[in-house]
Amino acid sequence: MVETPHRHPSSSSSSSSMADTERANIRNICILAHVDHGKTTLADHLIAAAADGLVHPKQAGRLRFMDYLDEEQRRAITMKSSSVTLRFHDTYHINLIDSPGHMDFCSEVSTAARLSDGALVLVDAVEGVHIQTHAVLRQAWTERLSPCLVLNKIDRLITELKLTPIEAYSKLVRIVNEVNRIMSAYKAEKYLSDVDSLLAGAAGEILENLELVEDDEEITFQPQKGNVAFVCALDGWGFRINEFADFYASKLGASSAALQKALWGLKYYNQKTKMIVGKKGMGGGSKARPMFVQFVLEPLWQVYQAAMEPDGANTLLHKVIKSFNLNVPARELQHKDPKVVLQAVLSRWLPLSDAILSMVVNCIPDPMRAQSFRISRLLPKREVSEDVLSSNVLAEAELVRKSVEACDSSPEAPCVAFVSKMFAVPIKMLPQRGPNGEILNNSTDEDGSGESDECFLAFARVFSGVLYTRQRVFVLSALYDPSKGESTTKHIQEAELHSLYLMMGQGLKPVASAKAGNIVAIRGLGQHILKSATLSSTKNCWPFSSLMFQVSPTLRVAIEPSDPMDMGALMKGLRLLNHADPFVEVTVSARGEHVLAAAGEVHLERCIKDLKERFARVSLEVSPPLVSYKETIQGEVTDVLENLNLSGGSLDYIERKTPNGRCCVRVQVLKLPPALTKVLDESSDLLGDIIGGKLGQSKKSNETQRSSRLEDDNPIEALRKRIMDAVEGDILGGTEESDKDQAEKCKAMWLQFLKRIWALGPRQIGPNILFTPDSRGVDSEFPVLIRGSFHVSERLGFVNESSNGGMDAEPSPLVTPALCREAESLESSLLSGFQLATAAGPLCEEPMWGLAFVIEARISPLEGQQSNETSYQPLEQYGIFTGQVMNTVKDACRTAVIKKKPRLVEAMYFCELNTPTEYLGPMYAVLARRRARVLKEEMREGSPLFTVQAYLPVSESFGFAAELRRWTSGASSALLVLSHWEALPEDPFFVPKTEEEIEEFGDGSSVLHNTARKLIDAVRRQKGLPVEEKVVQHATKQRTLARKV
């Protein structure tokens, strides 16, 4: 156990209640939104009002205080999540985390969401819901945050779109309903999966778990509940409905609560009867306006119109100032710019910070309430086999979990914190004095960074207990298992906390301790944590669940120093960059290149800039982007009945023999159903745990899947159901009535195949399947079959008992027990050949995608040595035969793919573009040049913009944004999100054969390579593989170079 530092006596009930009061006054929130919807501008106003003078109110909205990096200021986008502490009414402590909206930096959204209890979801009132809005709502739902909706840029409805109040109300209602539909879809998804899991369980469990499945009919965002705010962040004003309800309560003679319910929706105020009525109660009057329009929007519109009038008729403004007793300086009212006048009046009449912070305090739970319902996401219950040795450990781990659930901040409670990311800070930016004014020594190299000027801090939240400076804690990685004791010591380290800081944007304020519920920066963990980890004062603690990222790093480049002498500095810089960025991946390729993987072009540019200027400080050479491809074959899934008849004498297979002639390998390749391929690809982490037997850890991996399930759900059962549904949906989905019988037979055959899964590949978890061979055939020349086992089918529950295919030899005088044992020992060689083949396909040595292989390998005895059981051992002491089998299997698999019309598979981006009408032509020209496929085009209601959705190949996306801006004069914007993998329909080896093809393309000698062949040749050149190309284009023509004098 770690030694407990000195604790202050705090055992009395009064001190306990004081701690509860402190925790009840803490709020941890993050701001989530699509890019350019106003997150950092909103944060500026909140900081100006509640952060002790960090930002002057005059600069709020223009300073962008949280974007303190030069690159952020230059690009005007947020690139990292950063925290600041606010005080509201001198009582509440609000930890605000500003997060990026660009898809390239979505990993920062994940780190911010994990440390928060609630989220402010911003939506532009003009642009509405965008693709990244969907992503951040999904993130908030996954992390179980309590969201509040903020409709920003309300002023644009008045000044730009010139909408009437009733038109603006209709637009706002549509946006709120659309966001609610997104949240309802997530709720319905979880509800249906919970019901399915309960129905699959025993009858007794249904009654026990019935309370977990409640159909939540309540709409998430309702202005009358107070969790929706209407704001203009740039001008610093905003409101919730309750503020207008309080104001009109005395004037209309109604209660504030009744007005708050009536000020949203189809409620009307009858001037004659002084009653709040529905549409029918207003009679046939066509001029009836909802109360939100009449009492909220129309006064706002009148204030704007009064300020914008050129004659300077400010009587209405003076009336507002007098009615609400506002203190507006006369020089601001007399300013010639109407924007300044509006800002002066509205920011004092409807202060933005009061509306937002009061919503945060009232609608977002404190850490005690939040952690009680977030605990199943943070620390899900693990299924472990309890024994005598681990019972005490598990009991203490359960106590730690309960302490986290209760957010226990007493000094005696176990200390548990989660580090969501590491970030680099220049040492010169660290505070020079400690919390008590003492001078600090910041030159110590506890971060293992050598002579680097960067210091690594941990972005963390305390979930239980109290963190102190100089405290010793255990650092737990995601793979740590306390029940396994000494076997997982490599996943636990002990570290001493050097310093604790309160984050104030770029600034850091040293503190001596941090109680549960607070967010802090920790110095001293640079050598112990790479990306994220769990901190605990006890070894007997489960690690927190892993963060869920929306995308994976897909843009890869090879980098090297311009001067080879700087290779050491580059390697050190890459190590620091990998440490500082939560999403970047640094690897070394098979060719020895240093490969940097980023989420997109903007992310990559920032990483290269950081390497050159901060971490490596050397000149770099960056290669063109290295695009990943896959290889598959052409064909429909339903063709399996025609071409799958290996044991029935079909010739649709490839046969190869080992050089010594003792093993004959026959390979047949099939196309997997696309939905099954997608399930295998998405579930790779879960498959790795299931196939590896890590059933206790599979729960953690299951959380990273896209579908939400109950914590007590069986991940193996759920995955098996997804696989069977995928097969059935693909085969039966698109068939006509006349083909139903054929489809049913095909489905039955595939379900039989699922009982014969021997392995997955590549890396044992890929989207390719190896089936065991059919053992009914007999071959007199090669009598013994390498049968394999149903290992994966057994793990996934498709077969009850393992059929290892025990090597029972066919009745033959050539078969001996030694030969059977030899065949059994060759199983690993066959598997290795399959893994090598699926990892590097025949087109350009890219991984295979969505293929199934049936490999029948038979061996024969050595000539003249059939009776001697040990004769083969001296000959194979160097593994010559095993290597021959492996190589033959690999070559046979690759040849089988070549014979089956191979196709290249490329990654596709989903692209959402916003373009004015006059630039639609140039935008479509850019899309056409880059092989994009347009899906939908629609005009955004209430704006002059068109929204176009398209699929764009990843290989064509580099420089896309710059070209789009150039051709549309900067009027178009695009957002790219990785969508799916798609096979190119073109045959890379196309040669004209029919008369029509020869007439169209010629005899083949002059046919230009199609797109697929060009992509394949480019990858082969990059990998140093041979490429078929003409070195001399026109050998018969004389080419002379005339010298011009």
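Residues numbered from 1 in each chain as written. Predicted model: local features only at pLDDT ≥ 70, side-chain atom pairs only at ≥ 80, totals over all residues. Heavy atoms only, no water.

Go over the sheet that holds strand β15 (residues 499-504) with me, naming the residues and quoting the values.
With antiparallel pairing, the 8 strands of this open sheet are ordered in space as β14-β13-β19-β10-β11-β18-β15-β16. One side of each edge strand has no neighbouring strand; the edge strands of this open sheet are β14 (492-496) and β16 (507-511). Mean inter-strand twist for the sheet, computed between neighbouring axes without regard to direction, equals 40°. The sheet contact formed by strand β13 (residues 472-476) and strand β19 (residues 533-536) spans 3 bridges and is antiparallel. When the bridges of β19 are listed, F474 appears paired with S536. Sheet strands in contact with helix α4 (residues 106-115) are β10 (416-426), β11 (454-464) and β18 (519-523), and its direction is about 135° off that of β10. (Pairing = 2+ DSSP bridges. Helix = DSSP H or I, 4+ residues; strand = E, 2+ residues; numbered from the N terminus. Axes fitted to C-alpha atoms, helices over the stretch in contact; angles between N-to-C directions. Contact = heavy atoms within 4.5 Å.)

Give me the lowdown on the packing of helix α11 (residues 291-308) against helix α14 (residues 338-349), citing residues and values where you can.
How two helices sit against one another is set out by the angle between their axes and by the gap between those axes. Direction vectors running N to C along α11 and α14 enclose 150°, while the axes themselves pass 9 Å from each other. α14 is crossed by α11, and the crossing has right-handed handedness. For the pair formed by α11 and α14, the contact residues are L300, V303, Y304, A307 and M308 on the first element and P338, L342, L346 and W349 on the second. (Left-handed = near helix turned anticlockwise from the far one by under 90°.)

Would you mind going over the state of the cysteines in detail, with residue names and values included?
Where two cysteines share a covalent bond between their sulfur atoms, that bond is called a disulfide. Following the criterion strictly, the structure yields 0 disulfides and no others. With no disulfide of its own, C148 lies 4.7 Å from the sulfur of C363, the closest cysteine sulfur. Here C148 falls in the buried class, since its relative accessible area comes to 0%. (Disulfide = S-S within 2.5 Å. Buried < 20%, exposed > 50% of the residue type's maximum accessible area, 1.4 Å probe, protein only.)

Can you explain a negative patch on the surface? Please cite residues and give values.
Taken together, the side chains of E995, E996, E999 and E1000 define an acidic patch exposed on the protein surface. One can find E1000 in helix α33 (residues 995-1001). A relative accessible area of 63% means that E1000 is categorised as exposed. (Patch = residues over 30% accessible without salt bridge, like charges linked within 9 Å, V, L, I, M, F, W, Y side chains within 5 Å. Areas by Shrake-Rupley, 256 points an atom, 1.4 Å probe, with all protein chains shown as cover. Salt bridge = Lys/Arg side-chain N within 4 Å of Asp/Glu carboxyl O. Lys, Arg positive; Asp, Glu negative; His and termini not counted. Charge placed at Lys NZ, Arg CZ, Asp CG, Glu CD.)

So what about the sheet that holds strand β5 (residues 146-152)? Which residues, and what values?
Taken in spatial order, the 7 strands line up as β2-β3-β1-β4-β5-β6-β7 in an open sheet, and their pairing is mixed. In this open sheet, the two strands that pair with only one neighbour each are β2 (82-88) and β7 (237-239). Ignoring strand direction, the axes of neighbouring strands in this sheet form an average angle of 25°. With 3 bridges connecting them, strand β6 (residues 228-232) and β7 associate as antiparallel partners. Bridge pairing in β7 places V231 opposite G238. With respect to the sheet, helix α2 (residues 39-50) is in contact with β1 (26-33), β2, β3 (92-98) and β4 (118-124), its orientation differing from that of β2 by roughly 40°.

Can you break down the pattern of salt bridges residue by residue, with the values?
Counted under the stated rule, the structure contains 36 salt bridges. In this structure, the salt-bridge partner of E72 is K80, at a minimum N-O distance of 2.8 Å. Here the salt bridges share partners, and the residues they tie into one network are E71, R74, R75, E605, K609 and E613.

Any details on the packing of aromatic side chains? Residues and values, ideally.
What characterises a pair of aromatic rings is the spacing of the ring centres plus the angle enclosed by the ring planes. Within this structure, the stated rule accounts for 21 aromatic pairs. Residues W849 and W981 carry aromatic rings whose centres are separated by 5.9 Å and whose planes lie at 40° to one another, so their mutual orientation is tilted. One end of the pair, W849, is in the loop between α28 (827-839) and β30 (851-859); the other, W981, is in strand β34 (residues 973-983), with 132 residues separating them in the sequence. Residue W981 is classed as partly exposed on the basis of its relative accessible area, which comes to 26%. Between K80 and the ring centre of Y68, over which it is positioned, the NZ or CZ distance is 4.2 Å. Taking the ring centre of W981 as reference, the NZ or CZ of K630 above it sits at 5.0 Å. (Phe/Tyr/Trp six-rings, centres within 6.5 Å; stacked < 30°, edge-to-face > 60°. Lys NZ or Arg CZ within 6 Å of the ring centre and 35° of its normal.)

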